[in-house]
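Summary of the model geometry
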Amino acid sequence: MDCIFCKIVNGEIKSAKVYEDEDVLCIKDINPQAPVHILIIPKKHIAKLYQTDEITLLGKMLKIGCDIAEKEGIKESGYRIVINTNRNAGQSVDHIHFHLLGGRILMWPPG
Ligand code: AMP
Ligand code: ZN
C-alpha cells in the first residue's frame, strides 16, 4: 500500500524512532512544530480516526504519549496530544497518528 507511515513502520523509509512495541511506533516529526514533536503511530493501517473502534489501541497510544512526555521532560511544563482528522483539521497523512507537542507555550485555541 502506498502509505508513508506503513513504509516507516515496515522500515522502507527511515525515521527517528523514539519508541516501539508490537502495536505502536513513535517517531520524531520530520517538520517539528515545537521543541518536542513526536508522532504516535499504530502499526496497523487505519486511515481515519472514525474508522476504528479499537479503543484499547487508542487508549494505549494515549498512555504511550504521556509516558514519552514524561521521558522528554515536558510533563510538568505541559504538552498537547492532538489528532487531525480530514481537510479542515489539516490531516495530510491518511494513517492515523497522534501528535505529541511540547517544550514551548502552545496557543489556545489552535489556529
Ligand atoms: P497530519 O498533517 O496531522 O496528517 O500530520 C502528518 C505529520 O507527518 C506532519 O506533521 C508531517 O511533518 C509528518 N511527516 C510526514 N512525513 C514524515 C516522515 N517521513 N517522517 C516523520 N514525519 C513525517
Ligand atoms: Zn498506513
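All of the points below concern the structure found in this document. From a predicted model like this one, the values you see are computed outputs, not experimental measurements.

So, how was this worked out
Residues numbered from 1 in each chain as written. Chains lettered and ligands numbered in written order. Predicted model: local features only at pLDDT ≥ 70, side-chain atom pairs only at ≥ 80, totals over all residues. Heavy atoms only, no water. Helix = DSSP H or I, 4+ residues; strand = E, 2+ residues; numbered from the N terminus. Contact = heavy atoms within 4.5 Å. Salt bridge = Lys/Arg side-chain N within 4 Å of Asp/Glu carboxyl O. Buried < 20%, exposed > 50% of the residue type's maximum accessible area, 1.4 Å probe, protein only. Expected span 1.5 Å × (residues − 1). Arc of directions from axis to C-beta. Pairing = 2+ DSSP bridges.

So, the environment of Leu58
When you line up the elements, Leu58 lands in helix α2 (residues 55–71). Excluding its chain neighbours within four sequence positions, the residues that come into contact with Leu58 are Leu49, Thr52, Ile96 and Phe98.

What about the pattern of salt bridges?
Side chains bearing opposite charge may pair, as long as their charged atoms lie close to each other. Under the counting rule described, the total for this entry stands at ten salt bridges. In this structure, Lys43 and Glu20 form a salt bridge, with 2.8 Å as the shortest nitrogen-oxygen distance. With a gap of 23 residues between them, Lys43 in the loop between β3 (36–42) and α2 and Glu20 in strand β1 (residues 17–20) connect regions that are remote in the sequence. Look at Glu20 and you get partly exposed, because its relative accessible area is 36%. One salt bridge connects Lys63 with Asp67, and the closest N-O pair in it is separated by 3.1 Å. Here Lys63 pairs with Asp67, and both are found in helix α2, just four residues apart, close to one helical turn. Taking relative accessible area as the criterion, Asp67 reaches 29% and is therefore assigned partly exposed.

Some words on α2
Its 17 residues give α2 an end-to-end C-alpha distance of 24 Å, which sits within 8% of 24 Å, the value for a rise of 1.5 Å per residue. Taken as a whole, α2 has its buried residues at Leu57, Leu58, Met61, Ile64, Gly65, Ile68 and Ala69. Buried residues of α2, viewed axially, fall in a sector of 140 degrees; they line one side. Turned more than 90 degrees away from the buried face of α2 sit Ile55, Thr56 and Lys63, all of them exposed. Close packing links the buried residues of α2 with β1, β2 (24–28), β3, β4 (79–82) and β5 (98–102). Phi turns positive one or two residues past the end of α2, at Gly73, with a value near 80 degrees.

Concerning the pairing of β3
A large share of β3 lies buried, amounting to seven of its seven residues. For β3 and β5, the ladder comprises five bridges, and the chain directions are antiparallel. Each residue of the ladder has a partner; that of His37, found in β5, is Leu101.

Keep in mind these numbers describe shape, not what the thing actually does.
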